[in-house]
Amino acid sequence: MPDHDVAIIGAGAAGLSVAAMAASLGRKVVLFERERMGGECLNTGCVPSKALLAAAKRAVAVRDAARFGVHAADVRVDWQGVRRHVLDAIARIAPNDSAERFAGMGVEVVRASAHFVAPDQIEAGGRIHRFRRAVIAAGSAPVVPDLQGLVSCPWLTHETLFDLAEAPAHLLILGGGSQGAELAQAYARLGCRVGLIEARPNILASEDAELRLPLREALRQDGVTIHENTRAIGAERAPEGVALVIEGGARIAGSHLLFALGRTPRLAPLDLAAANIAASPDGVLTGPDLRSTTNRRVWAAGDVANPEGIGPRRFTHAASLHASVVVRSMLFRRPARLDYAALPRVTYTSPELAQVGLTEAEANAAGHSVRVLRHPFTENDRAVAEGETEGQVKLVVSKLGRLLGASVLGEGAGEMAGLFGMMISRKLPLSALAELVLPYPTRAEAAKRAAGGFYTPALTSSAMRGIVGLLNRLP
Ligand SMILES: Cc1cc2nc3c(=O)[nH]c(=O)nc-3n(C[C@H](O)[C@H](O)[C@H](O)COP(=O)(O)OP(=O)(O)OC[C@H]3O[C@@H](n4cnc5c(N)ncnc54)[C@H](O)[C@@H]3O)c2cc1C
Ligand SMILES: NC(=O)c1ccc[n+]([C@@H]2O[C@H](COP(=O)([O-])OP(=O)(O)OC[C@H]3O[C@@H](n4cnc5c(N)ncnc54)[C@H](O)[C@@H]3O)[C@@H](O)[C@H]2O)c1
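- As recorded in an unreviewed UniProt entry, the chain goes by the name FAD-binding protein, listed as coming from Teichococcus coralli.
- UniProt annotates the chain under Sequence similarities (unreviewed entry) with the comment "Belongs to the class-I pyridine nucleotide-disulfide oxidoreductase family."

Below, the structure written as structure tokens:
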């Protein structure tokens, strides 16, 4: 006889969402968490990084205020104040994810590391828990590279970065993905020297080239030194603190070294073999319904899941999407299929970079015959009024006017992503966006104007002008 209807390993975004939904459906739920409730997003990921970026944005706003005719003297960053803001943000959100809140929902929360001991049993806190169904939501850990000499050097990941009591004087960030770009800008704007080191020819390499290049320039303007095409092969102690040894022999020195090199799923402590659960280095192998391909009692969600043929997506909103697919498949026994066609991603720098659906390059590579529609924020009244005209809305559409993808660079780009996601997931025609009445002045009007561009050639054609000319003769 099972002790629990649903056993969940990991109280991060994925595990908490499944636990809340299963408990509200009257299931007997146990939730295992070995570290902090709320997992990575709340404690060491999204929340502290966005809080730090908010402080950095304030610093720039004050420094930059003179161009609005507002003069502030003596701009000074008080690092303890910045830290307080970051910790306050975490503390204010933490009650939503707390053990007390989940216990109040009827979830049994076990604060211990969990691992499988049989296909239907988990051991945690010195006890065997028999389950009817289980969800692995153990998340992922930062990649630490195998650099020669690293053992004798101090280094950081996002798990330790926010614990620094003092601002790093000169932060070296290895890895120019969204994490590297966001943290580089935040620390540079808060007055630290920052080096951003990327092995590939470009930082943010998977983003639309037309939009990532101005963002790269914005990072440079903020004072970030960017080293692209630069492969670190070793690390060593240096008078300043630490130095990266670069292929070819050059050294890049700084006071602190941060790894922002992507993620690896937390599999080892789970003893998956004891429960016959298949996994690859990218995560627990599942079908498109997130059910294990080898143990039908088990599902996976969040960063740890590797749906075959679809692949992992390591975002908090992807974890929420996973949770709803798992609940549909596991509890409602309905066919469920993960679909990332409208999954947004946003890099929360200034300007922000948002992507939904296919980039222009991806659409071309997939063989679509595309039209590209653009509207720059220099032509958007709100952006002009606020003096933030960097960037554009770029829409990639099929010849028949279906939105295949949207890329936005600009302040508030992330807030527009939902609009494009809905267009793609509901397969709405572009006219739905072109005809939308939006409040004036808003930045989203740039999206409407870009969509309107699809119809402009037909509306202003000589045939249409002829028709309107004829109609004009009517009484
Ligand atoms: C710096 C940074 C910024 C980010 N910013 C964003 C952002 O702005 N937007 C966004 O969408 N995403 C962002 N992400 C990604 C986001 O944080 C993750 O995708 C998300 O937190 C994953 O949630 P999860 O539930 O899968 O895993 P986690 O949040 O990692 O939760 C897994 C939990 O399982 C626990 N656990 C693991 N193994 C066991 C075990 N054996 N027994 C018991 N407990 C266990 C862990 O302690 C952890 O609490 C960011 C990531 C980083 C690093
Ligand atoms: N705004 C957001 O949504 C947000 C922000 C931060 C992180 N995240 C998520 O967290 C996860 C981690 O982010 P990330 O930026 O660390 O991962 P990432 O995979 O996006 O980027 C890692 C970068 O490191 C580079 N790299 C890899 N090995 C290298 C080496 N040896 N030397 C130099 N560069 C190297 C890669 O080319 C890549 O550009 C991702 O899943 C991401 O989606 C999301």
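**Focus: the site of ligand 1**
Right, on to step 1. Near ligand 1, the surroundings consist of 36 residues, among which E33, E40, K50, D303 and T316 are the closest.
Right, on to step 2. The separation between an oxygen atom of ligand 1 and a polar side-chain atom of E40 is 2.8 Å.
Right, on to step 3. R314 has a polar backbone atom sitting 3.4 Å from an oxygen atom of ligand 1.
Right, on to step 4. Computed on the free molecule, ligand 1 has an accessible area of 1,000 Å², of which 94% lies beneath the protein chains in the complex.
Right, on to step 5. Taken together, the residues of the shell around ligand 1 sort by class into 14 nonpolar, 12 polar and 10 charged.

**Notes on the packing of aromatic side chains**
Working definition: an aromatic ring pair is given by the centre-to-centre distance plus the angle between the planes.
Right, on to step 1. In this structure the tally under the stated criterion is four aromatic pairs.
Right, on to step 2. When the centroid spacing of 6.1 Å and the interplanar angle of 80° are considered together, the rings of F116 and F131 count as edge-to-face. Of this pair, F116 sits in strand β4 (residues 114-118) while F131 sits in strand β6 (residues 127-136); the two residues are 15 residues apart in sequence, bridging distant segments of the chain. The pair F116 / F131 is uniform in exposure class, with both members buried.
Right, on to step 3. Taking 5.6 Å as the distance between ring centres and 45° as the angle between the ring planes, the aromatic pair formed by W155 and F259 counts as tilted. Placement of W155 in the loop between β7 (140-142) and α6 (158-161) and of F259 in strand β14 (residues 256-259) is noted, with a sequence separation of 104 residues between them.
Right, on to step 4. Classification of F259 as buried rests on a relative accessible area of 1%.

**A short note on the sheet that holds strand β24 (residues 403-410)**
Backbone-to-backbone hydrogen bonds pair the strands of a sheet. The strands run either parallel or antiparallel.
Right, on to step 1. Pairing within the open sheet is antiparallel, and its five strands lie in the order β20-β21-β24-β23-β22. With one partner strand each, in any of the chains shown, β20 (345-347) and β22 (370-376) form the two edges of the open sheet. Neighbour-to-neighbour, the strand axes of the sheet open up by a mean angle of 10°, direction not taken into account.

**A short note on the site of ligand 2**
Right, on to step 1. Close to ligand 2 lie 20 residues, the nearest being Q179, E182, E198, G262 and V346.
Right, on to step 2. Within the side chain of E182, an N or O atom sits 2.8 Å from a nitrogen atom of ligand 2.
Right, on to step 3. Separating an oxygen atom of ligand 2 from a backbone N or O atom of G262 is a distance of 2.9 Å.
Right, on to step 4. When ligand 2 is considered free in solution it has 850 Å² of accessible area, and contact with the protein chains removes 76% of it.
Right, on to step 5. Per-element accounting of the shell around ligand 2 gives the leading share, three residues, to helix α7 (residues 178-189).
Right, on to step 6. Residue composition of the shell around ligand 2, grouped by class: eight nonpolar, six polar and six charged.

**What to know about the packing of helix α3 (residues 46-63) against helix α4 (residues 79-93)**
Right, on to step 1. Orientation of α3 relative to α4, taken along the N-to-C sense of each, is 140°, at an axis distance of 9 Å. The orientation of α3 with respect to α4, classified from their angle, is oblique. In the packing of α3 onto α4, the handedness of the crossing is right-handed. Facing α3, whose interface residues are V47, P48, A51, L52, A54 and A55, α4 presents W79, V82, H85, V86, A89, I90 and I93.
Right, on to step 2. Of the residues that constitute the contact of α3 with α4, the class distribution is 12 nonpolar, one polar and no charged.

**Some remarks on the side chain of Q121**
Right, on to step 1. With respect to the helices and strands, Q121 occurs in strand β5 (residues 121-124).
Right, on to step 2. Sequence-distant contacts of Q121, defined by excluding residues within four places in its chain, comprise H115, F116, I128, H129, R130 and F131.

**Points about the sheet that holds strand β11 (residues 232-238)**
Right, on to step 1. Ordered by their spatial adjacency, three strands build an open sheet running β11-β12-β13, and the pairing between neighbours is antiparallel. The two strands at the open ends of the sheet, each matched to only one other strand, are β11 and β13 (251-254). Within the sheet, the average angular offset between the axes of one strand and its neighbour, ignoring direction, is 25°.
Right, on to step 2. Relative to β13, strand β12 (residues 241-246) runs antiparallel, the two being bridged by four bridges. If you follow V242 over to β13, its bridge partner there is G254.

**Some details on the nonpolar core**
Right, on to step 1. Counting 54 residues, the largest nonpolar core has I8, F32, F116, V135 and I136 as the members making the most contacts within it.
Right, on to step 2. Listed in part, the 36 residues of the second largest apolar core include V82, L183, L215 and L258.

**As for the UniProt feature "binding site: FAD" (unreviewed entry) in the chain**
Right, on to step 1. Feature annotation in UniProt assigns "binding site: FAD" (unreviewed entry) to the following positions: K50 and D303.
Right, on to step 2. Relative to the assigned elements, K50 resides in helix α3.
Right, on to step 3. Beyond its immediate chain neighbours, meaning those up to four positions away, K50 contacts E182 and Y348.
Right, on to step 4. Its location among the elements puts D303 in the loop between β18 (298-300) and β19 (305-307).
Right, on to step 5. Residue D303 is classed as buried on the basis of its relative accessible area, which comes to 13%.
Right, on to step 6. Apart from residues lying up to four places away in sequence, D303 is in contact with E40, G139, S140, R263, R313, R314 and F315.

**What about the side chain of E445?**
Right, on to step 1. If you trace the backbone, E445 turns up in helix α14 (residues 445-452).
Right, on to step 2. We note that E445 is buried and unpaired, the nearest opposite charge coming from R449 at a distance of 6.9 Å.
Right, on to step 3. Among the polar contacts made by the side chain of E445, one reaches the main-chain amide nitrogen of T442 at a distance of 3.0 Å.

**Focus on the UniProt feature "domain: FAD/NAD(P)-binding" (unreviewed entry) in the chain**
Right, on to step 1. Following the UniProt record, the feature "domain: FAD/NAD(P)-binding" (unreviewed entry) maps to residues 4-310 here.
Right, on to step 2. Its end C-alpha atoms 30 Å apart, residues 4-310 is made of 28% helix and 28% strand.

**Digging into the domain arrangement of the chain**
Right, on to step 1. Partitioning the chain into domains gives domain 1 (4-37 + 98-142 + 264-332), domain 2 (143-261) and domain 3 (344-457).
Right, on to step 2. Computed over C-alpha atoms only, the centres of domain 1 and domain 2 are separated by 33 Å.
Right, on to step 3. Between domain 1 and domain 2, the residue contacts involve four residues of the former and five residues of the latter.
Right, on to step 4. Applying the counting rule to domain 1 against domain 2 returns one salt bridge.
Right, on to step 5. Across the pair E159 and R266 runs a salt bridge, and its minimum N-O distance is 3.6 Å.
Right, on to step 6. Along the contact surface separating domain 1 from domain 2 lie one residue pair in polar contact (both at pLDDT 80 or more).
Right, on to step 7. Classifying every residue of the side of domain 1 that touches domain 2 gives two nonpolar, one polar and one charged.

Rules of the game
- Residues numbered from 1 in each chain as written.
- Chains lettered and ligands numbered in written order.
- Predicted model: local features only at pLDDT ≥ 70, side-chain atom pairs only at ≥ 80, totals over all residues.
- Heavy atoms only, no water.
- UniProt positions renumbered as here; feature names shortened; annotations may be inferred.
- Near = heavy atom within 4 Å.
- Polar contact = N/O pair within 3.5 Å; in protein donor to acceptor, adjacent residues only side chain to side chain.
- Areas by Shrake-Rupley, 256 points an atom, 1.4 Å probe, with all protein chains shown as cover.
- Nonpolar A, V, L, I, M, F, W, Y, C, P; charged D, E, K, R; others polar.
- Phe/Tyr/Trp six-rings, centres within 6.5 Å; stacked < 30°, edge-to-face > 60°.
- Helix = DSSP H or I, 4+ residues; strand = E, 2+ residues; numbered from the N terminus.
- Buried < 20%, exposed > 50% of the residue type's maximum accessible area, 1.4 Å probe, protein only.
- Pairing = 2+ DSSP bridges.
- Axes fitted to C-alpha atoms, helices over the stretch in contact; angles between N-to-C directions.
- Parallel < 35°, antiparallel > 145°, perpendicular 65-115°, else oblique.
- Left-handed = near helix turned anticlockwise from the far one by under 90°.
- Contact = heavy atoms within 4.5 Å.
- Core = buried A, V, L, I, M, F, W, Y, C linked by side-chain atoms within 4.5 Å.
- Lys, Arg positive; Asp, Glu negative; His and termini not counted.
- Salt bridge = Lys/Arg side-chain N within 4 Å of Asp/Glu carboxyl O.
- Domains from an automatic or database assignment.

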